Amino acid sequence: RQKQNSKLYGAVCASPAVVLSTHGLIDEGASATCYPAPAFREKLGSSESNNRVVVSKNMTTSQGPATSIEFALKLGEHLYGKEKR
């Protein structure tokens, strides 16, 4: 629903590959990242990015628990602007 209603949505660790990609929630041409294991990276296909956190339109993805602060800051930027993050 979040994607359909143009709301923010995101996923961390393996979820971008296992949930978002599997359910068609990554737009064509969008970039995403996930836990850096080959089995998960392959599921992202052409969307794969090596960045720790990726913002693509309303979707934010992150590699895992070690990047959760960066993930949270990016969400804050989306909600309140970069100057308030």
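Here, the structure is the one placed above.
Keep in mind the model is a prediction, meaning the values are calculated, not measured.

Novice: What am I meant to see in the sheet that holds strand E1 (residues 9-12) here?
Specialist: Remark on secondary structure: sheet strands pair via backbone hydrogen bonds, oriented parallel or antiparallel. Here we have 3 strands laid out as an open sheet, ordered E1-E3-E2, and mixed in their pairing. Pairing within the sheet leaves two strands with one partner each, and these edge strands are E1 and strand E2 (53-56). On average, each strand axis in the sheet is inclined to that of its neighbour by 10°, with strand direction left out of account. Of the pairings in the sheet, the one linking E2 to strand E3 (residues 59-62) comprises 4 bridges and is antiparallel in character. Paired with Val53 across the two strands is Ser62, which belongs to E3. Where helix H3 (residues 68-80) meets the sheet, its contacts fall on E1, E2 and E3, and the angle it forms with E3 comes to roughly 165°.

Novice: Just checking my understanding: could you explain the pattern of salt bridges for this structure?
Specialist: Once the charged atoms of two side chains with opposite charge are near each other, the side chains can pair. The final tally for this structure, using the stated rule, is 4 salt bridges. The salt bridge involving Lys3 is made with Asp27; its shortest N-O contact spans 2.7 Å. Linking Lys3 in the segment before E1 with Asp27 in the loop between helix H1 (15-21) and helix H2 (38-44), this pair joins segments that are 24 residues apart in sequence. Under the relative-accessibility criterion, Asp27 is labelled partly exposed at 25%. Residue Glu48 pairs with Arg41 through a salt bridge whose shortest N-O separation is 3.1 Å. Overall, Glu48 belongs to the partly exposed group, its relative accessible area being 37%.

Quick notes on the rules
Residues numbered from 1 in each chain as written. Predicted model: local features only at pLDDT ≥ 70, side-chain atom pairs only at ≥ 80, totals over all residues. Heavy atoms only, no water. Pairing = 2+ DSSP bridges. Helix = DSSP H or I, 4+ residues; strand = E, 2+ residues; numbered from the N terminus. Axes fitted to C-alpha atoms, helices over the stretch in contact; angles between N-to-C directions. Contact = heavy atoms within 4.5 Å. Salt bridge = Lys/Arg side-chain N within 4 Å of Asp/Glu carboxyl O. Buried < 20%, exposed > 50% of the residue type's maximum accessible area, 1.4 Å probe, protein only.

The values reported here are purely geometric and, on their own, carry no functional implication.
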